[in-house]
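# Structural description and commentary
Here's the letter readout for the chains.
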Amino acid sequence: MSPSPTPRMPRAQRRTQLLELATRVFTQKGFQGTSMDDIAFAAGVTKPVLYQHFSSKETLYVEVIDIIAEQLFDEVREIGSFDGDTRGRVRHGLVRFYQLVSLENALRLFTGNEPVSETVQRRADAVLDRMAVELAEVLAASRRMSTVESRVIGRGLIAATQSTARLLHEASDDAEREEILEMMTTFMVHGVTGFDPLENPRIVGTVLGADGTAHPGSDG
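Each value, and the rule that gives it
Residues numbered from 1 in each chain as written. Predicted model: local features only at pLDDT ≥ 70, side-chain atom pairs only at ≥ 80, totals over all residues. Heavy atoms only, no water. Buried < 20%, exposed > 50% of the residue type's maximum accessible area, 1.4 Å probe, protein only. Helix = DSSP H or I, 4+ residues; strand = E, 2+ residues; numbered from the N terminus. Arc of directions from axis to C-beta. Contact = heavy atoms within 4.5 Å. pLDDT = per-residue confidence, 0-100. Salt bridge = Lys/Arg side-chain N within 4 Å of Asp/Glu carboxyl O. Axes fitted to C-alpha atoms, helices over the stretch in contact; angles between N-to-C directions. Parallel < 35°, antiparallel > 145°, perpendicular 65-115°, else oblique. Nonpolar A, V, L, I, M, F, W, Y, C, P; charged D, E, K, R; others polar. Polar contact = N/O pair within 3.5 Å; in protein donor to acceptor, adjacent residues only side chain to side chain. Phe/Tyr/Trp six-rings, centres within 6.5 Å; stacked < 30°, edge-to-face > 60°. Lys NZ or Arg CZ within 6 Å of the ring centre and 35° of its normal.

## Section: helix α2 (residues 36-43)
Regarding α2, the residues found buried are M36, I39, A40 and A43. On an axial view of α2, the arc spanned by its buried residues comes to 100 degrees, and they lie on one face. Residues of α2 that are buried make contact with α1 (11-33), α3 (47-53) and α4 (57-79). Where α2 terminates, the next one or two residues include G44, which has phi positive at roughly 70 degrees.

This is how it looks when you write it as structure tokens:
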């Protein structure tokens, strides 16, 4: 059955609509399970119209990744504005990553659970690397770390966040999810607090030392 015709619209508006619908279809079926026919049908356009905007499923999916990535980058930056202590900041970051990648069905992509093309995987890896750099900025603004240390720790925390999202997704109920969150938060906080807080942290809230001492941030 062919899609019902849709009214003509400006090219930029049509492209935005196609991206939104493609995100929805990828959400339901994943990269491997989605075809350009599926997306064209959902959008109510012919496949040639879809190809006028995107040369392949791969290029379309890469753009979907970029849309989700901007949300992820914003969330990482906002960790430095979280008005709480280190434990609350870590837990908030874990929950928000899980919520975003689950709602947008990027979980399989950003936790390595779905086979994708090399081009798509490179873009996903680039997103995770940039998230690590953004997180390193937050770490460097709150703790005594060199640039190298903050970037290595940032990448390690992102990897732990990916694992946490996968565990939360596989949990049987809310009680198990809560238990996982508590364990992973404790694990990550103990690692981060091994680096002494700056005397005057440049982030909001408080920064906990290894002994539990709270160091007020710039707006603390």
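## What about the confidence of the model for the protein?
Of all residues in the protein, 90% attain a pLDDT of 70 or more, and the chain-wide mean is 86. Mean pLDDT values for the elements of the protein range from 60 in helix α6 (residues 107-110) up to 96 in helix α9 (residues 174-192).

## A look at the pattern of salt bridges
Throughout the structure, instances matching the rule amount to 16 salt bridges. Note that E182 is salt-bridged to R87, the shortest N-O span being 3.0 Å. On the criterion of sequence distance, the pair formed by E182 in helix α9 and R87 in helix α5 (residues 86-103) is long-range, its members being 95 residues apart. E182 sits in the partly exposed class, given a relative accessible area of 32%. Note that R91 is salt-bridged to E178, the shortest N-O span being 2.9 Å. Residue R91 is found in helix α5, and its partner E178 is found in helix α9; the two are separated by 87 residues along the sequence.

## Describing the packing of helix α8 (residues 147-170) against α9
Packing of α8 against α9 leaves a shortest axis separation of 10 Å and a crossing angle of 170 degrees. Between α8 and α9, the crossing angle belongs to the class labelled roughly antiparallel. The segment α8 lies against α9, with L157, A160, T161, T164, L167 and L168 engaging R177, I180, L181, M184, M188 and V192.

## A short note on the packing of α1 against α4
Here α1 crosses α4 at 100 degrees, and the two axes come no closer than 9 Å. Relative to α4, the element α1 lies roughly perpendicular. Side by side, α1 and α4 meet where R15, L19, A22, T23, F26, F31 and Q32 of the first sit next to K57, E58, L60, Y61, E63, V64 and I67 of the second. Split by residue class, the contact of α1 with α4 holds 8 nonpolar, 2 polar and 4 charged.

## A few points about the environment of S150
Following the sequence through the fold, S150 ends up in helix α8. Among the residues examined, S150 registers a relative accessible area of 3% and is labelled buried. Placed 17 residues apart in sequence, S150 and V133 show a C-alpha to C-alpha distance of 8.3 Å. Leaving out residues up to four positions away in the same chain, S150 has contacts with A136, L139, A140 and M145. Polar contacts involving the side chain of S150 include one to the main-chain carbonyl oxygen of T147, which spans 2.9 Å.

## Overview of the side chain of E134
Note on placement: E134 falls in helix α7 (residues 118-140). For E134, the side chain forms a polar contact with the side chain of R77, separated by 3.4 Å. Once residues within four sequence positions are removed from consideration, E134 is found in contact with V76 and R77.

## Some remarks on the packing of aromatic side chains
Scanning all chains against the criterion turns up 2 aromatic pairs. With 4.8 Å between their ring centres and 35 degrees between their planes, F31 and Y61 make a pair best called tilted. Placement of F31 in helix α1 and of Y61 in helix α4 is noted, with a sequence separation of 30 residues between them. The two residues F31 and Y61 agree in class, both being buried. Members of the aromatic cluster, each reached through a chain of ring pairs, are F26, F31 and Y61. The side chain of K57 reaches across the aromatic face of F31, ending 4.4 Å from its centre.

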